[in-house]
Amino acid sequence: MAASATPLRRSLAIQSRVIGALLMREVLTRYGRHNIGFLWLFLEPMLFTLGITAFWTIARGSLLSGLPIVAFAVTGYSSVLLWRNMPNRCCNAIEPNLSLMYHRHVKVIDIFAARILLEIVGGTTSFVTLMLVFGIIGWMHAPEDILKVILGWLMLAWFGAALAVLIGALSARSELVEKIWHPMSYLLFPLSGAVFMVDWLPVRAQELVLLLPMVHGVELLREGYFGSTVHAHYDLAYMTFSCLFLTLLGLALERVSSREVIPE
């Protein structure tokens, strides 16, 4: 190794400072310094989930196929917001931040990482807060297997992050990506497992929806929460392979985009 090479520890420290600075910039740009500011990071997904939960409770009663409607809505819609918001934020994220890339330590992947981390923190805080608050007032019980809930949440976060890098890199190459992705994300929403359990569907429909990786994460999360009261369908190996494939493809395209947009 050359004597002038940057040690790994120093490189990690530099990268951490870069991503930290981009995180703060993103928070201030998105939410500002006034009123409740960065608290909107947590309140936005909470308010959305609360609205859907209230609607379902009024429209369909307290139980859905034997499951508490509040817990079903919170586990479903929180998971959707987790994986869907990351690609939304990374789509067309490069062009508005081109000026930052004149700094040699700022790369395209740093822009993506800051936005992805922000969505993970916001979505996770919202999910945990809703479970705690609803648990205190008696609307939700504690998860039956907290480790499965955590694993399902982490797999959904990985899927969302991998998809975000892929969509972000592709959007730098064509404006069509944004026009296609946004309607596609709305179409994927009802198919993602947020509003149903796979076991409720006909066998042929089960086979089709299980082609979508995020459905496996939602099923795992709900099995961890509801336990033996549900019959979950998921293949962790399939979801892992799908996330790994999306990650490698997204990183490869990000490298190509970086060479095209970062000034020499």
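The shown structure was predicted, so the numbers you read here are calculated from the model rather than taken from an experiment.

**Q** So what's going on with the overall build of the protein chain? Residues and values would help.
**A** What the protein chain contains, in helices and strands, is nine helices and two strands. Each helix and strand of the protein chain, placed in order from N terminus to C terminus, yields the pattern α-α-β-β-α-α-α-α-α-α-α. Burial statistics for the protein chain: of 264 residues in total, 46% are counted as buried. Taking contacts inside the protein chain between residues at least 6 apart in sequence as the whole, the part at least 24 apart equals 76%.

**Q** Describe the environment of Leu 154, with residues and values.
**A** Note on placement: Leu 154 falls in helix H5 (residues 146-171). The class of Leu 154 is exposed, set by a relative accessible area of 52%. For the pair Leu 154 and Thr 124, spaced 30 residues apart in the sequence, the C-alpha separation amounts to 9.8 Å.

**Q** So what's going on with the packing of aromatic side chains? Which residues, and what values?
**A** Throughout the structure, instances matching the rule amount to six aromatic pairs. Ring plane angle 80 degrees and centroid distance 4.9 Å describe the contact between Tyr 225 and Phe 226, whose orientation is recorded as edge-to-face. A relative accessible area of 1% means that Phe 226 is categorised as buried. When the ring centre of Phe 189 is taken as origin, the NZ or CZ atom of Arg 84, which lies over that ring, is 5.5 Å away. Cation over ring: Arg 222 sits above Phe 72, and NZ or CZ is 3.7 Å from the ring centre.

**Q** Outline the pattern of salt bridges, supporting the account with residue identities and numerical values.
**A** Tallied over the entire structure, the rule returns three salt bridges. Glu 119 is the salt-bridge partner of Arg 89, the closest N and O atoms lying 3.3 Å from each other. Here Arg 89, found in helix H3 (residues 69-90), pairs with Glu 119, found in helix H4 (residues 108-136); they are 30 residues apart in sequence, far enough to count as distant. The class for Glu 119 is buried, based on a relative accessible area of 8%. Residue Arg 204 pairs with Glu 207 through a salt bridge whose shortest N-O separation is 3.1 Å.

**Q** Requested: an account of the side chain of Glu 254, with residues and values cited.
**A** Tracing the sequence through the fold places Glu 254 in helix H9 (residues 236-261). Apart from the residues within four sequence positions on either side, Glu 254 is in contact with Val 108, Ile 109, Phe 112, Val 165 and Ala 169.

**Q** With reference to specific residues and values, describe the side chain of Asp 110.
**A** Note on placement: Asp 110 falls in helix H4. Despite being buried, Asp 110 has no salt bridge partner; Lys 107 is the closest side chain of opposite charge, sitting 7.1 Å away. Ignoring anything within four residues of it in the chain, the contact list for Asp 110 reads Gln 15, Val 18, Ile 19, Leu 22 and His 105.

**Q** I'd like a description of a nonpolar patch on the surface, backed by residues and values.
**A** Together, Val 133, Ile 136, Ile 137 and Trp 139 make up a nonpolar patch on the protein surface, roughly 450 Å² of accessible area in all. Among the secondary structure elements, Ile 136 is positioned in helix H4.

**Q** Could you give an account of the nonpolar core, naming the residues involved and the relevant values?
**A** Residues Trp 83, Phe 112, Ile 116, Met 140, Leu 156 and Phe 159 are the most contacted members of the largest nonpolar core, which totals 69 residues. At the level of secondary structure, the elements contributing two or more residues to this core comprise helix H1 (8-31), helix H2 (40-60), H3, H4, H5, helix H6 (176-188), helix H8 (213-226) and H9. With 14 residues, the top contributor of residues to this core is H5. Not counting chain neighbours up to four residues away, the residues in contact with Phe 159 comprise Trp 83, Pro 213, Met 214, Met 239, Cys 243 and Leu 246.

**Q** So what's going on with a positive patch on the surface? Which residues, and what values?
**A** A cluster of like positive charges, contributed by Arg 10, Arg 17, Arg 104 and Lys 107, occupies part of the molecular surface. Looking at the secondary structure, you find Lys 107 in the loop between H3 and H4. Lys 107 sits in the partly exposed class, given a relative accessible area of 35%.

Analysis parameters
- Each chain carries its own residue numbering, running from 1 in the written order of its sequence.
- A pLDDT threshold of at least 70 governs which residues receive local features in this predicted model, and a stricter bar of 80 or more applies before side-chain atom pairs are shown or counted, although totals over entire chains, interfaces and linings include all residues.
- Side-chain metrics rest on all non-hydrogen atoms present in the structure, leaving aside hydrogens and water.
- The secondary structure listing takes helices from DSSP runs of H or I that are at least 4 residues long and strands from runs of E that are at least 2 residues long, numbered from the N terminus.
- The buried label applies to any residue whose accessible area, calculated with a 1.4 Å probe on protein chains only, is under 20% of its type's maximum; exposed applies above 50%, and partly exposed to all values in between.
- Note on definitions: a residue-residue contact is assigned when non-hydrogen atoms from the two residues lie within 4.5 Å.
- Stacked, edge-to-face and tilted labels apply to pairs of Phe, Tyr and Trp rings (six-membered ring for Trp) whose centres lie within 6.5 Å, assigned for plane angles under 30 degrees, over 60, and everything in between, in that order.
- The rule for a charge over a ring is simple: NZ of Lys or CZ of Arg within 6 Å of the ring centre, and within 35 degrees of the ring normal.
- In what follows, salt bridge is the name for a side-chain nitrogen of Lys or Arg lying within 4 Å of a carboxyl oxygen of Asp or Glu.
- Working convention for charge: Lys and Arg count positive, Asp and Glu count negative, and His plus the chain ends are omitted.
- Residues enter patches when they are more than 30% accessible in relative terms and free of salt bridges; like-charged ones are connected within 9 Å and nonpolar ones (Val, Leu, Ile, Met, Phe, Trp, Tyr) within 5 Å.
- The protein chains shown are the only cover counted for residues, whose accessible areas, like all others here, come from Shrake-Rupley with a 1.4 Å probe.
- Residue types Ala, Val, Leu, Ile, Met, Phe, Trp, Tyr and Cys, when buried and joined through side-chain atoms within 4.5 Å, form a set referred to as a nonpolar core.
- The atom standing in for a charge is NZ when the residue is Lys, CZ when it is Arg, CG when it is Asp and CD when it is Glu.

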